[in-house]
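Breakdown of the fold
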Amino acid sequence: MSAIRRKFGEDYQVVNTNRGMTFSAPVKRKRQRFVEKNGRCNVQHGNLGGETSRYISDLFTTLVDLKWRWNLLIFILTYTVAWLVMAFMWWIIAYIRGDLKTGGHDSSYTPCVANVYNFPSAFLFFIETEATIGYGYRYITEKCPEGIILFLFQSLLGSIVDAFLIGCMFIKMSQPKKRAETLMFSQDAVISQRDGKLCLMFRVGNLRNSHMVSAQIRCKLIKSRQTPEGEFLPLDQCELDVGFGTGADQLFLVSPLTICHEINADSPFFDLSQRSLSNEEFEIVVILEGIVETTGMTCQARTSYTEDEVLWGHRFLPVMSLEEGFFRVDYSQFHNTFEVNTPSYSVKEQEEKSSLTFPNPPPAVPGSTSPPLGSNVRGAGRRERLLSVDCLEHGEDLTSRLPSKLQRMNSTKEELHHRWGLKTASTAKPGEKASSTGDLPLRVQRLNSLSIPAGGEGGEQLQLLALDGEPREGELEKHRLPPALSPLPALSPLPAQVPSAGGRPEESLPAKLRRMNADR
């Protein structure tokens, strides 16, 4: 059975084919995480080969990264070995000089180290010298130059060993990794609506009163994918926007905060729905960085959320309450959530439904407010054009007061008549006067009438409506009547006049306008 599992994996079980025996369904293997909930990265490096020598070249960092039990073992062994070696060297010097003999020395004999008779006494002398205890019973005499040299070497070696090992222990004890233990993350992440937008949210909190200076949060989406070229990318990392553009990723972590990732077209969860969430396989890694206020060292706290830890349609319970003179945080409700009404479909499906319900209008032609050519808008079969006459000399005739556009249209009346045709004045609405300027049939409708005193400014706007309802290219220019002209009286219905080819322009004007021109 164990061989089969090694071959096919833990997802498979041995099934007995006997009819009298029942079998169990395949057991779902526990989700393999890239980053544990406590922030530990579940990655091991193997088959380094000759690259292990790089760890020795950076021995100090290697010792700091070791676990505490290995650090303590190295600390004890280093001092023990160093003490034994140096004690043995003092014993060798005493043995060579003959200081270990108990008798046979006269009173004038001076040993290298006084009162050193064996190895234990040499070891005690080294300890007293190294620890600068100095009991005064054992000491170096001036008759031993080799002992003086060994004493200098012992002092230098002891300083180096103390600086190296004590420095490693101090750095390891002052590491801000334990500070991350007081930074909390919610057990689950939630997906619900906030401000009318679907968002992925989780909560962070600080248990200590000391602040995290310049706290910043980042999110990574870990998900395997395959490129269009067929390349498989295991554990591909994708950035999740948690407010980088707006500065929302910079946290003032005094009270618990809810971090929000808006799901939009730029989000990897754009097509994620409640139904597809159960079939997905991803991991969200959250990284919180900041400077510890008390030590000034950079601290980093990490956690992760798998697809099973993302709750659709939930929201976090509030934890802040106002007490008398202060705000109180209830951390017993830190991980609790409650259900809210949330659409079960994805943002992509929601936008598709919105586009079908409210289709986008056709794009307008830049620089023109008129409808596009060929459009048939109901209730707007005729196109309106505004025409005013302005800044004209009193001695000019009425033909020169017409816009240049109408003059060109008058010169090409036969061609336009062939294309669109002319309509009679019988199609004019009551209260409107039909006339013809060139070959474009227009309806003159009075907009307002003003009695302008002599020398005053003002004029009258005339709205010209094309009777044929066909759209024209461009808009007619706007002019104003000169101040000296009085408002036009009400015009009587007259049939549209079509001037003959080569006729004067005055003949194409209504009779009332020709009489006004003759009076001027």
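From a predicted model like this one, the values you see are computed outputs, not experimental measurements.

All right, on to the overall build of the protein then. Of the regular secondary structure elements, the protein holds eleven helices and 18 strands. Looking at the protein as a whole, 32% of its 520 residues are labelled buried. Counted over contacts in the protein with a minimum sequence separation of 6, partners at least 24 positions apart contribute 64%. If you sum the accessible surface of the protein, you get close to 33700 Å²; carbon and sulfur atoms cover 56% of it.

To continue, consider the packing of aromatic side chains. What characterises a pair of aromatic rings is the spacing of the ring centres plus the angle enclosed by the ring planes. Following the criterion strictly, the structure yields nine aromatic pairs and no others. Between the aromatic rings of Trp 91 and Tyr 95, the centroid separation amounts to 5.5 Å while the plane-to-plane angle is 15°, which identifies the pairing as stacked. Taken together, the residues span about one helical turn, with Trp 91 and Tyr 95 both in helix H4 (residues 68-97) at a distance of four residues. Exposure remark for Trp 91: the relative accessible area of 23% places this residue in the partly exposed category. Overall, Tyr 95 belongs to the exposed group, its relative accessible area being 55%.

It is worth spelling out a nonpolar patch on the surface at this point. There is a patch of nonpolar side chains on the surface, built from Phe 60, Trp 68, Leu 72, Phe 170, Ile 171 and Met 173 and spanning about 590 Å² of accessible area. At the level of elements, H4 and helix H6 (145-173) are the ones that each hand at least two residues to the nonpolar patch. With three residues, the single largest contributor to the nonpolar patch is H6. With respect to the secondary-structure elements, Phe 60 resides in helix H3 (residues 59-65). For Phe 60, a relative accessible area of 34% puts it in the partly exposed group.

A few words now on a negative patch on the surface. Together, Asp 271, Glu 349, Glu 351 and Glu 352 make up a region of like negative charge exposed at the surface. Within the element layout of this structure, Glu 352 appears in helix H8 (residues 347-357). Classification of Glu 352 as partly exposed rests on a relative accessible area of 42%.

Moving on, we get to H4. The α-helix winds at 3.6 residues per turn, so residues separated by three or four positions along the chain end up facing the same way. With 30 residues, H4 should reach 44 Å at 1.5 Å per residue; the first-to-last C-alpha distance of 44 Å fits that figure. Among the residues of H4, Asn 71, Tyr 79, Met 86, Ala 87, Trp 90, Ile 93 and Ala 94 are the ones counted as buried. Its buried side turned inward, H4 meets H3, helix H5 (119-130) and H6. Positive backbone phi, at 80°, marks Gly 98, one or two positions downstream of H4.

This part covers empty space enclosed by the protein. Following the criterion strictly, the structure yields four cavities of 30 Å³ or more and no others. As a volume, the second largest cavity reaches approximately 70 Å³. What lines the second largest cavity is simply Tyr 79, Ala 82, Trp 83, Met 86, Phe 126, Glu 130, Gln 154, Leu 157, Gly 158, Val 161 and Asp 162. For the lining of the second largest cavity, the secondary-structure elements that each account for two or more residues are H4, H5 and H6. With five residues, H6 is the largest single contributor of residues to the lining of the second largest cavity. Along the lines of polarity and charge, the residues of the lining of the second largest cavity split into seven nonpolar, two polar and two charged.

Before going further, it helps to examine the side chain of Glu 128. Considering the arrangement of structural elements, one finds Glu 128 in helix H5. Setting aside anything within four residues of it in sequence, one finds Glu 128 in contact with Ile 133, Gly 134, Tyr 135 and Arg 138.

Summed over the entire model, instances satisfying the criterion amount to one disulfide. Between the sulfur atoms of Cys 112 and its disulfide mate Cys 144 the distance is 1.8 Å. Here the disulfide of Cys 112 and Cys 144 is left-handed, its torsion about the S-S bond being about -70°. With Cys 112 in the loop between H4 and H5 and Cys 144 in the loop between H5 and H6, the pair connects residues that are 32 residues apart, well separated along the chain. The residues Cys 112 and Cys 144 share a single accessibility class, namely buried.

Let's shift gears to the pairing of strand S9 (residues 298-306). The pairing of strand S8 (residues 283-292) with S9 spans nine bridges and is antiparallel. From the neighbouring strand, Gly 290 faces S9, where its bridge partner is Cys 299. Taking the residues that link successive antiparallel strands as the turn, the S8-S9 hairpin has five residues, and the phi of Gly 296 there is positive, at about 75°.

In this structure, the largest pocket occupies an estimated 1400 Å³ of space. Gly 39, Arg 40, Cys 41, Lys 177 and Arg 302 are, among the 35 residues lining the largest pocket, the residues nearest its centre. Listed by contribution, the elements that provide at least two residues to the lining of the largest pocket are helix H2 (53-57), H3, H6, strand S1 (183-185) and S9. Counting residues per element, the lining of the largest pocket draws most heavily on S9, at five residues. Looking at the lining of the largest pocket residue by residue, the class counts come to 13 nonpolar, eleven polar and eleven charged.

Take the packing of H4 against H6 next. Between H4 and H6, the shortest axis-to-axis distance is 11 Å and the interhelical angle comes to 175°. Considering their axes alone, H4 and H6 lie roughly antiparallel with respect to each other. Classifying every residue of the contact of H4 with H6 gives 17 nonpolar, four polar and four charged.

On to the pairing of strand S5 (residues 232-240), then. One ladder, built from seven bridges, connects strand S4 (residues 212-226) with S5; its direction is antiparallel. Among the inter-strand pairings, Lys 223 is bridged to a residue of S5, identified as Asp 236.

This part takes up the side chain of Ser 346. With respect to the secondary-structure elements, Ser 346 resides in the loop between strand S14 (337-339) and H8. In terms of polar contacts, Ser 346 uses its side chain to reach the backbone amide nitrogen of Glu 349, at 3.3 Å. For Ser 346, the residues in contact, after removing those within four places along its chain, are Phe 270, Asp 271, Leu 272 and Ser 273.

The rules we used
- Residues numbered from 1 in each chain as written.
- Predicted model: local features only at pLDDT ≥ 70, side-chain atom pairs only at ≥ 80, totals over all residues.
- Heavy atoms only, no water.
- Helix = DSSP H or I, 4+ residues; strand = E, 2+ residues; numbered from the N terminus.
- Buried < 20%, exposed > 50% of the residue type's maximum accessible area, 1.4 Å probe, protein only.
- Contact = heavy atoms within 4.5 Å.
- Areas by Shrake-Rupley, 256 points an atom, 1.4 Å probe, with all protein chains shown as cover.
- Phe/Tyr/Trp six-rings, centres within 6.5 Å; stacked < 30°, edge-to-face > 60°.
- Patch = residues over 30% accessible without salt bridge, like charges linked within 9 Å, V, L, I, M, F, W, Y side chains within 5 Å.
- Salt bridge = Lys/Arg side-chain N within 4 Å of Asp/Glu carboxyl O.
- Lys, Arg positive; Asp, Glu negative; His and termini not counted.
- Charge placed at Lys NZ, Arg CZ, Asp CG, Glu CD.
- Expected span 1.5 Å × (residues − 1).
- 1 Å grid on protein atoms, 1.4 Å probe; cavity = no way out; pocket = protein on both sides within 12 Å on 5 of 7 lines; lining within 4 Å.
- Points joined across faces, edges and corners; volume = space filled by probe spheres on them.
- Nonpolar A, V, L, I, M, F, W, Y, C, P; charged D, E, K, R; others polar.
- Disulfide = S-S within 2.5 Å.
- Pairing = 2+ DSSP bridges.
- Axes fitted to C-alpha atoms, helices over the stretch in contact; angles between N-to-C directions.
- Parallel < 35°, antiparallel > 145°, perpendicular 65-115°, else oblique.
- Polar contact = N/O pair within 3.5 Å; in protein donor to acceptor, adjacent residues only side chain to side chain.

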